[in-house]
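# Structural features, examined
Here is how the chains run, residue by residue.
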Amino acid sequence: CTRCPPGHECPGAEQLTSEAMPCQPGTFAPHASQSRCSSCTAGRFTSSESNTICDVCDVGSFAPPASKGCHKCSAGKYSNSLFISETGCLNCTNGRYSNSAAALTCKLCDIGSWAEPASTECNTCEAGKYTSKLFSAKSDCVECDGGKFAPGNAKPCEVCGAGRHSNVDFTE
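Note that this is a predicted model, so its numbers are computed, not measured. (Residues numbered from 1 in each chain as written. Predicted model: local features only at pLDDT ≥ 70, side-chain atom pairs only at ≥ 80, totals over all residues. Heavy atoms only, no water.)

### Comments concerning the environment of Gly7
Following the sequence through the fold, Gly7 ends up in the loop between strand S1 (2-3) and strand S2 (8-9). Under the relative-accessibility criterion, Gly7 is labelled buried at 0%. In this structure, Gly7 is in contact with Pro22, Cys23, Ala29, Ser50, Asn51 and Thr52, ignoring residues within four places of it in sequence. (Helix = DSSP H or I, 4+ residues; strand = E, 2+ residues; numbered from the N terminus. Buried < 20%, exposed > 50% of the residue type's maximum accessible area, 1.4 Å probe, protein only. Contact = heavy atoms within 4.5 Å.)

Given below as structure tokens:
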């Protein structure tokens, strides 16, 4: 009998065996004479057999424990940390968005536009409304004051010309 090699498990009291079993994907055995392979922790993986260490997922990706591979955080989410499970992919917050998977940060919407949490794009306030705040949600879009109008497309409220007034919905 020989000692159970690293990357293998040898169930039995002595860990001396003629049949060492390779650690399966998602598991590893760093030392010789291990009776069981250990599961990779969150954010780590192995995709083949007989591993002595687990690989680390890239930033912007995650892996649940005992994983055979990594998954990208979805659009609308981001992660700038290593060693995470899916809950480590965080939603973009109000006024921020992520339009691609595996984002490390969320992009900031321009003034006059908004995004709800986990958004993949910014939206402009509807015609007759505007927001002058950064980090805006849809509820931050407010109607123009009397005598002003907002044409939409993230343009601020404008004063009506001399001898003019705004219509009921403040769009002209």
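So, next bit.
### Remarks on the state of the cysteines
This structure, assessed with the given rule, holds 9 disulfides. What pairs with Cys109 in a disulfide is Cys122, and their sulfur atoms sit 2.0 Å apart. In this structure, the disulfide formed by Cys109 and Cys122 twists by about -95 degrees around the S-S bond and is classed as left-handed. Pair noted here: Cys109 is in the loop between strand S14 (107-108) and strand S15 (113-114) and Cys122 is in the loop between S15 and strand S16 (123-124), with a separation of 13 residues, a long-range link. Linked covalently through their sulfurs, Cys144 and Cys157 form a disulfide whose S-S length is 2.1 Å. The disulfide joining Cys144 to Cys157 has a torsion of about -85 degrees about its S-S bond and is therefore left-handed. Of this pair, Cys144 sits in the loop between strand S18 (142-143) and strand S19 (148-149) while Cys157 sits in the loop between S19 and strand S20 (158-159), and the two are 13 residues apart along the sequence. (Disulfide = S-S within 2.5 Å.)

### Comments concerning a nonpolar patch on the surface
Taken together, the side chains of Val56, Val59, Leu82, Phe83 and Leu104 make up a nonpolar region of the molecular surface, amounting to roughly 380 Å² of accessible area. Along the polypeptide, Val59 turns up in the loop between strand S8 (55-56) and strand S9 (61-62). (Patch = residues over 30% accessible without salt bridge, like charges linked within 9 Å, V, L, I, M, F, W, Y side chains within 5 Å. Areas by Shrake-Rupley, 256 points an atom, 1.4 Å probe, with all protein chains shown as cover. Salt bridge = Lys/Arg side-chain N within 4 Å of Asp/Glu carboxyl O.)

In short, shape yes, function no, at least from these values alone.
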